Amino acid sequence: NARNEAMETYKKIMKRALSLGVVYADTDDETKISDFNSKVKKMIKEKDFMTLPFDTIKNHERLAVPQYSTLNPL
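These lines cover the structure that appears in this document, whether it is placed above or below.

Time to look at the overall build of the protein. Looking only at helices and strands, the protein has 2 helices and 2 strands in total. Sequence-ordered secondary structure for the protein, helices as α and strands as β, is α-β-α-β. Summarising the internal contacts of the protein: among those between residues at least 6 apart in sequence, 71% fall at separations of at least 24. In the structure as shown, the protein presents an accessible area of about 7,200 Å², 55% of it carried by carbon and sulfur atoms.

Turning next to the pattern of salt bridges. Applying the stated criterion to the full structure yields 1 salt bridge. The salt bridge partner of Asp-35 is Lys-39, with a shortest N-O separation of 3.6 Å. With Asp-35 and Lys-39 both in helix H2 (residues 30-46) and 4 residues apart, this pair spans about one turn of that helix. Accessibility expressed as a relative area gives 39% for Asp-35, which makes it partly exposed. For Lys-39, a relative accessible area of 44% gives the class partly exposed.

Looking at the element boundaries, Asn-37 is found in helix H2. Since its relative accessible area comes to 37%, Asn-37 is described here as partly exposed. When the C-alpha atoms of Asn-37 and Val-23 are compared, they prove to be 9.6 Å apart, with 14 residues separating the residues in sequence.

Let us look at the environment of Thr-9. Looking at where Thr-9 falls in the secondary structure, it is placed in helix H1 (residues 2-19). A polar atom in the side chain of Thr-9 sits 2.9 Å from the backbone oxygen of Glu-5.

Calculation notes
Residues numbered from 1 in each chain as written. Predicted model: local features only at pLDDT ≥ 70, side-chain atom pairs only at ≥ 80, totals over all residues. Heavy atoms only, no water. Helix = DSSP H or I, 4+ residues; strand = E, 2+ residues; numbered from the N terminus. Contact = heavy atoms within 4.5 Å. Areas by Shrake-Rupley, 256 points an atom, 1.4 Å probe, with all protein chains shown as cover. Salt bridge = Lys/Arg side-chain N within 4 Å of Asp/Glu carboxyl O. Buried < 20%, exposed > 50% of the residue type's maximum accessible area, 1.4 Å probe, protein only. Polar contact = N/O pair within 3.5 Å; in protein donor to acceptor, adjacent residues only side chain to side chain.

Given below as structure tokens:
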């Protein structure tokens, strides 16, 4: 059981590392931010495209590991 749990945890960490990004919203409205987050999660889950109105997102940063390095989940 411990091995399976460790494998599931590691799998989650690696998936987050591959798809994690930072998006700067142009609003403080928690409802709009929550709605946007749910749309992005659905898009990632279904591996689909999402069209956004211009000026919806101020900036987007991709968090990544430098080339030829390893991801340290700790």
